[in-house]
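What follows is the residue order along each chain.
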Amino acid sequence: MSEDRRLTSQGQERKQQLLDQAATLFAERGYAETRVLDIVQAAGVAKGLFYWYFENKEALFRELVELNRLNLRRAQAEAIDPDAEPLVRIRQGAEASVRYMAQYANFFSLLEVENLEKQFADELRKGTEVHTADVASIIRAGVADGTIRDEDPEVAAYGVVGTVGYYGHFHRTGRLDLDPDELAAFVGRFVVCALASDESIARRVLAARRP
(Lines give C-alpha, C1' and ligand atoms only; values in the text may rest on other atoms or scores of the structure.)
Protein backbone atom coordinates (compact mmCIF):
# COMPACT_ATOMS: atom_id res chain seq x y z
CA MET A 1 0.00 0.00 0.00
CA SER A 2 1.37 3.44 -0.88
CA GLU A 3 2.01 6.03 1.80
CA ASP A 4 -0.57 8.49 0.46
CA ARG A 5 -3.32 5.89 0.95
CA ARG A 6 -2.34 5.56 4.60
CA LEU A 7 -2.54 9.29 5.09
CA THR A 8 -5.97 9.74 3.56
CA SER A 9 -8.42 10.15 6.44
CA GLN A 10 -11.36 8.84 4.43
CA GLY A 11 -9.28 5.87 3.34
CA GLN A 12 -8.28 5.14 6.93
CA GLU A 13 -11.92 5.24 7.93
CA ARG A 14 -12.88 2.79 5.19
CA LYS A 15 -10.01 0.49 6.06
CA GLN A 16 -10.94 0.53 9.75
CA GLN A 17 -14.52 -0.24 8.78
CA LEU A 18 -13.34 -3.35 6.96
CA LEU A 19 -11.19 -4.38 9.91
CA ASP A 20 -14.03 -3.90 12.37
CA GLN A 21 -16.52 -5.86 10.30
CA ALA A 22 -14.00 -8.62 9.68
CA ALA A 23 -13.24 -8.91 13.40
CA THR A 24 -16.95 -9.31 14.15
CA LEU A 25 -17.46 -11.92 11.44
CA PHE A 26 -14.33 -13.86 12.38
CA ALA A 27 -15.51 -14.00 15.99
CA GLU A 28 -18.98 -15.17 14.93
CA ARG A 29 -18.07 -17.63 12.18
CA GLY A 30 -14.37 -18.32 12.46
CA TYR A 31 -11.64 -17.44 9.99
CA ALA A 32 -12.21 -20.26 7.51
CA GLU A 33 -15.96 -19.69 7.23
CA THR A 34 -15.68 -15.95 6.63
CA ARG A 35 -15.28 -14.87 3.00
CA VAL A 36 -13.98 -11.61 1.64
CA LEU A 37 -17.44 -11.15 0.11
CA ASP A 38 -19.01 -11.44 3.56
CA ILE A 39 -16.67 -8.76 4.90
CA VAL A 40 -17.32 -6.22 2.15
CA GLN A 41 -21.07 -6.81 2.30
CA ALA A 42 -21.07 -6.24 6.06
CA ALA A 43 -18.99 -3.08 5.58
CA GLY A 44 -21.20 -1.88 2.73
CA VAL A 45 -18.35 -1.36 0.27
CA ALA A 46 -17.39 -2.73 -3.12
CA LYS A 47 -15.26 -5.88 -3.20
CA GLY A 48 -12.55 -4.09 -5.17
CA LEU A 49 -12.01 -1.72 -2.27
CA PHE A 50 -10.98 -4.62 -0.06
CA TYR A 51 -7.99 -5.35 -2.31
CA TRP A 52 -7.05 -1.69 -2.30
CA TYR A 53 -6.12 -2.12 1.37
CA PHE A 54 -5.36 -5.82 1.79
CA GLU A 55 -3.67 -8.39 -0.39
CA ASN A 56 -6.04 -11.10 0.82
CA LYS A 57 -8.03 -12.31 3.83
CA GLU A 58 -4.91 -13.63 5.54
CA ALA A 59 -3.23 -10.22 5.31
CA LEU A 60 -6.27 -8.62 6.93
CA PHE A 61 -6.29 -11.16 9.73
CA ARG A 62 -2.60 -10.63 10.39
CA GLU A 63 -3.19 -6.89 10.59
CA LEU A 64 -5.97 -7.49 13.11
CA VAL A 65 -3.58 -9.54 15.24
CA GLU A 66 -0.98 -6.78 15.05
CA LEU A 67 -3.51 -4.09 15.99
CA ASN A 68 -4.68 -6.20 18.92
CA ARG A 69 -1.10 -6.57 20.10
CA LEU A 70 -0.50 -2.81 19.86
CA ASN A 71 -3.75 -2.02 21.65
CA LEU A 72 -2.85 -4.43 24.45
CA ARG A 73 0.54 -2.78 24.87
CA ARG A 74 -1.16 0.62 24.88
CA ALA A 75 -3.52 -0.52 27.64
CA GLN A 76 -0.55 -1.82 29.64
CA ALA A 77 1.41 1.41 29.16
CA GLU A 78 -1.55 3.53 30.25
CA ALA A 79 -1.92 1.47 33.43
CA ILE A 80 1.75 1.38 34.39
CA ASP A 81 3.31 4.19 36.43
CA PRO A 82 6.82 4.51 34.95
CA ASP A 83 8.12 5.95 38.23
CA ALA A 84 6.81 3.10 40.38
CA GLU A 85 9.02 0.31 41.68
CA PRO A 86 9.34 -2.83 39.54
CA LEU A 87 6.87 -5.05 41.42
CA VAL A 88 4.21 -2.36 41.29
CA ARG A 89 4.71 -1.96 37.56
CA ILE A 90 4.44 -5.71 37.01
CA ARG A 91 1.24 -5.78 39.06
CA GLN A 92 -0.22 -2.87 37.11
CA GLY A 93 0.68 -4.43 33.76
CA ALA A 94 -0.73 -7.83 34.71
CA GLU A 95 -4.00 -6.34 35.91
CA ALA A 96 -4.37 -4.23 32.78
CA SER A 97 -3.71 -7.27 30.60
CA VAL A 98 -6.39 -9.35 32.31
CA ARG A 99 -8.94 -6.55 31.96
CA TYR A 100 -8.08 -6.05 28.29
CA MET A 101 -8.38 -9.77 27.56
CA ALA A 102 -11.78 -9.83 29.25
CA GLN A 103 -12.96 -6.81 27.27
CA TYR A 104 -11.92 -8.39 23.96
CA ALA A 105 -12.63 -12.00 24.92
CA ASN A 106 -14.20 -12.87 21.55
CA PHE A 107 -11.07 -11.92 19.64
CA PHE A 108 -8.76 -13.81 22.00
CA SER A 109 -11.01 -16.86 21.70
CA LEU A 110 -10.70 -16.58 17.93
CA LEU A 111 -6.91 -16.40 18.18
CA GLU A 112 -6.85 -19.59 20.22
CA VAL A 113 -8.93 -21.42 17.63
CA GLU A 114 -6.87 -20.20 14.70
CA ASN A 115 -3.64 -21.07 16.48
CA LEU A 116 -4.75 -24.71 16.42
CA GLU A 117 -4.42 -24.56 12.65
CA LYS A 118 -0.83 -23.25 12.99
CA GLN A 119 -1.39 -20.93 10.04
CA PHE A 120 -0.89 -17.88 12.22
CA ALA A 121 1.36 -19.38 14.88
CA ASP A 122 4.25 -17.10 13.91
CA GLU A 123 2.08 -13.99 14.21
CA LEU A 124 0.62 -15.01 17.54
CA ARG A 125 4.04 -15.91 18.95
CA LYS A 126 5.19 -12.33 18.40
CA GLY A 127 2.75 -11.08 21.02
CA THR A 128 4.10 -13.49 23.63
CA GLU A 129 7.69 -12.60 22.80
CA VAL A 130 7.07 -8.87 23.07
CA HIS A 131 5.12 -9.21 26.32
CA THR A 132 7.79 -11.48 27.81
CA ALA A 133 10.60 -9.09 26.85
CA ASP A 134 8.74 -6.16 28.45
CA VAL A 135 8.18 -8.05 31.69
CA ALA A 136 11.74 -9.44 31.77
CA SER A 137 13.12 -5.90 31.56
CA ILE A 138 11.13 -4.86 34.64
CA ILE A 139 12.10 -8.03 36.49
CA ARG A 140 15.79 -7.30 35.88
CA ALA A 141 15.33 -3.93 37.57
CA GLY A 142 13.62 -5.61 40.52
CA VAL A 143 16.37 -8.21 40.87
CA ALA A 144 18.92 -5.41 40.80
CA ASP A 145 17.23 -3.46 43.61
CA GLY A 146 16.57 -6.58 45.67
CA THR A 147 12.76 -6.51 45.60
CA ILE A 148 12.42 -9.45 43.19
CA ARG A 149 13.89 -12.90 43.75
CA ASP A 150 17.16 -13.55 41.96
CA GLU A 151 15.89 -15.84 39.22
CA ASP A 152 16.46 -15.88 35.47
CA PRO A 153 14.45 -12.79 34.37
CA GLU A 154 13.28 -14.39 31.13
CA VAL A 155 12.11 -17.57 32.83
CA ALA A 156 10.31 -15.53 35.49
CA ALA A 157 8.76 -13.34 32.80
CA TYR A 158 7.30 -16.38 31.05
CA GLY A 159 5.71 -17.25 34.39
CA VAL A 160 4.01 -13.85 34.56
CA VAL A 161 2.89 -13.94 30.93
CA GLY A 162 1.67 -17.51 31.30
CA THR A 163 -0.28 -16.66 34.44
CA VAL A 164 -1.99 -13.74 32.75
CA GLY A 165 -2.73 -15.76 29.62
CA TYR A 166 -4.09 -18.85 31.32
CA TYR A 167 -6.28 -16.98 33.77
CA GLY A 168 -7.61 -14.96 30.85
CA HIS A 169 -8.33 -18.22 29.01
CA PHE A 170 -10.09 -19.78 31.99
CA HIS A 171 -12.19 -16.64 32.40
CA ARG A 172 -13.40 -16.38 28.80
CA THR A 173 -14.15 -20.10 28.58
CA GLY A 174 -16.40 -19.86 31.63
CA ARG A 175 -14.30 -21.83 34.07
CA LEU A 176 -13.85 -18.75 36.26
CA ASP A 177 -17.06 -16.89 37.02
CA LEU A 178 -15.45 -13.70 38.30
CA ASP A 179 -15.85 -10.04 37.56
CA PRO A 180 -12.91 -8.98 35.33
CA ASP A 181 -11.69 -6.44 37.89
CA GLU A 182 -11.82 -9.07 40.62
CA LEU A 183 -9.85 -11.51 38.49
CA ALA A 184 -7.35 -8.81 37.53
CA ALA A 185 -6.76 -7.99 41.20
CA PHE A 186 -6.20 -11.67 42.00
CA VAL A 187 -3.70 -12.10 39.16
CA GLY A 188 -1.90 -8.95 40.29
CA ARG A 189 -1.58 -10.32 43.81
CA PHE A 190 -0.54 -13.73 42.51
CA VAL A 191 2.38 -12.47 40.42
CA VAL A 192 3.58 -10.11 43.17
CA CYS A 193 3.67 -12.92 45.70
CA ALA A 194 5.42 -15.21 43.21
CA LEU A 195 8.16 -12.70 42.43
CA ALA A 196 8.78 -10.76 45.66
CA SER A 197 12.09 -11.51 47.31
CA ASP A 198 10.41 -11.72 50.72
CA GLU A 199 6.94 -11.56 52.25
CA SER A 200 7.37 -8.09 53.73
CA ILE A 201 8.06 -6.62 50.28
CA ALA A 202 5.04 -8.40 48.84
CA ARG A 203 2.83 -7.06 51.63
CA ARG A 204 4.12 -3.52 51.12
CA VAL A 205 3.52 -3.62 47.37
CA LEU A 206 0.04 -5.11 47.78
CA ALA A 207 -0.87 -2.51 50.39
CA ALA A 208 0.15 0.37 48.11
CA ARG A 209 -2.72 2.46 46.87
CA ARG A 210 -3.50 2.28 43.18
CA PRO A 211 -3.21 5.55 41.24
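Predicted, not measured: the structure shown is a model, and the values here were computed from it. All residue numbers refer to positions counted from 1 along the written sequence of the respective chain. Two thresholds apply to this predicted model, a pLDDT of at least 70 for residue-level local features and 80 or more for giving and counting side-chain atom pairs, whereas whole-chain, interface and lining totals are computed over all residues. Side-chain figures throughout are based on the complete set of non-hydrogen atoms in the structure, without hydrogens or water.

On to the overall build of the protein chain. Looking only at helices and strands, one finds 11 helices and 0 strands in the protein chain. The helix count covers DSSP runs of H or I at least four residues long, the strand count covers runs of E at least two residues long, and both are numbered beginning at the N terminus. The N-to-C order of helical and strand elements in the protein chain reads α-α-α-α-α-α-α-α-α-α-α. The buried share of the protein chain, reckoned over its 211 residues, is 42%. Taking the contacts inside the protein chain whose residues are at least 6 apart along the sequence as the reference set, 66% of them involve residues at least 24 apart. Per element, the accessible surface of the protein chain, about 11600 Å² overall, is 50% carbon and sulfur. Under the convention used here, Asp and Glu are negative, Lys and Arg are positive, and both His and the chain ends fall outside the count. In plain terms, the charge of a residue is placed at NZ if it is Lys, CZ if Arg, CG if Asp and CD if Glu. Mean positive and mean negative side-chain charge positions of the protein chain (27 and 34 charges, respectively) differ by 2 Å. Throughout, exposure labels follow a simple rule: accessible area from a 1.4 Å probe, protein chains only, divided by the maximum for the residue type, with under 20% read as buried, over 50% as exposed, and the rest as partly exposed. Contacts were defined at the residue level, with two residues in contact if any of their heavy atoms lie within 4.5 Å. Exposure was quantified through the Shrake-Rupley algorithm and a 1.4 Å probe, taking into account, for residues, occlusion by the shown protein chains and nothing else.

A word on the layout of surface pockets. In the cavity and pocket records, a cavity denotes points on a 1 Å grid over the protein atoms alone where a 1.4 Å probe fits but cannot get out, a pocket denotes an open set with protein on both sides within 12 Å along at least 5 of 7 lines, and lining residues are residues with an atom within 4 Å of a point. Grid points are joined across faces, edges and corners, and a volume is the space filled by probe spheres set on the points. As a volume, the second largest pocket reaches approximately 360 Å³. Secondary structure elements with two or more residues in the lining of the second largest pocket: helix H2 (9-29), helix H5 (57-79) and helix H7 (105-116). In terms of residues, the lining of the second largest pocket owes the most to one element, H2, which gives 6 residues. Polarity classes work like this: nonpolar for Ala, Val, Leu, Ile, Met, Phe, Trp, Tyr, Cys and Pro, charged for Asp, Glu, Lys and Arg, and polar for all others, with Gly in that last group. Considered class by class, the residues forming the lining of the second largest pocket number 8 nonpolar, 5 polar and 1 charged.

The next subject is helix H10 (residues 180-195). Across its 16 residues, H10 extends 23 Å between first and last C-alpha, which sits within 8% of the 22 Å expected from 1.5 Å per residue. Of the residues making up H10, those classed as buried are Leu183, Ala184, Ala185, Val187, Gly188, Val191, Val192 and Leu195. Where H10 is buried, its residues contact helix H6 (86-103), helix H8 (121-145), helix H9 (153-172) and helix H11 (199-207). In protein, a polar contact requires one atom able to donate a hydrogen and another able to accept it; more generally it is a pair of N or O atoms within 3.5 Å, and residues adjacent in sequence count only if both atoms are side-chain atoms. If you check the start of H10, you find a side-chain oxygen 2.9 Å away from the backbone N of Asp181, and it comes from Asp179. The length a helix should cover is 1.5 Å for every residue beyond the first.

Before going further, it helps to examine the confidence of the model for the protein chain. Confidence scores labelled pLDDT are given residue by residue by the predictor and lie between 0 and 100. Across the protein chain, pLDDT averages 90, with 93% of residues at or above 70. Note on residues 1-5: pLDDT is under 50 here. Beyond four places in sequence and across chains, it has 5 contacts.

Inspection of the secondary structure puts Tyr51 in helix H4 (residues 47-53). Exposure remark for Tyr51: the relative accessible area of 42% places this residue in the partly exposed category. Apart from the residues within four sequence positions on either side, Tyr51 is in contact with Val36 and Asn56.

Quick look at the packing of H5 against H6 now. Following both chains from N to C, one finds H5 and H6 inclined at 135°, their axes separated by 8 Å at the closest point. Judged by the inter-axis angle, H5 sits oblique to H6. Crossing of H5 against H6: the hand is right-handed. Here Asn68, Asn71, Leu72, Ala75, Gln76 and Ala79 of H5 come into contact with H6, specifically with Gln92, Gly93, Ala96, Ser97 and Tyr100. Taken together, the residues that form the contact of H5 with H6 break down as 5 nonpolar, 6 polar and no charged. Note on definitions: angles span 0 to 180 degrees between N-to-C directions of axes, and those axes are lines fitted to C-alpha atoms, for helices only across the stretch in contact. Convention used here: angles under 35 degrees read as roughly parallel, angles over 145 as roughly antiparallel, angles from 65 to 115 as roughly perpendicular, and any remaining angle as oblique. Should the near helix be turned counterclockwise from the far one by less than a right angle, the crossing is left-handed, whereas a clockwise turn marks it as right-handed.

The next point concerns the packing of aromatic side chains. Two measures describe an aromatic ring pair: the distance that separates the ring centres and the angle between the ring planes. Two rings from Phe, Tyr or Trp (for Trp, the six-membered ring) form a pair when their centres sit within 6.5 Å of each other. Planes less than 30 degrees apart are called stacked, planes more than 60 degrees apart edge-to-face, and all others tilted. By the definition in use, this model includes 12 aromatic pairs. Here Phe26 and Tyr31 contribute two aromatic rings whose centre-to-centre distance is 5.5 Å and whose plane-to-plane angle is 40°, an arrangement assigned as tilted. Taken together, a centroid distance of 6.5 Å and an interplanar angle of 85° make the contact between Tyr167 and Phe170 edge-to-face. Residue Tyr167 and its partner Phe170 are both found in helix H9; the two are separated by 3 residues, about one turn of the helix. What makes Phe170 partly exposed here is its relative accessible area of 27%. A network of ring pairs unites the aromatic residues Tyr166, Tyr167, Phe170, Phe186 and Phe190 as a single cluster. The criterion is that NZ of a Lys, or CZ of an Arg, lies within 6 Å of the ring centre and within 35 degrees of the ring normal, and then a charge sits over that ring. Its end group placed over the ring of Tyr31, Lys57 keeps NZ or CZ at 4.2 Å from the ring centre.

Examined against the element boundaries, Lys57 turns out to sit in helix H5. Buried charge Lys57 goes without a salt bridge, the closest partner of opposite sign being Asp38 at 7.7 Å. Polar contacts involving the side chain of Lys57 include one to the main-chain carbonyl oxygen of Tyr31, which spans 2.8 Å. Each residue touching Lys57, except ones within four places of it in the same chain, is listed here: Phe26, Tyr31, Ala32, Thr34, Val36 and Phe50. Salt bridge criterion: a side-chain nitrogen from Lys or Arg within 4 Å of a carboxyl oxygen from Asp or Glu.

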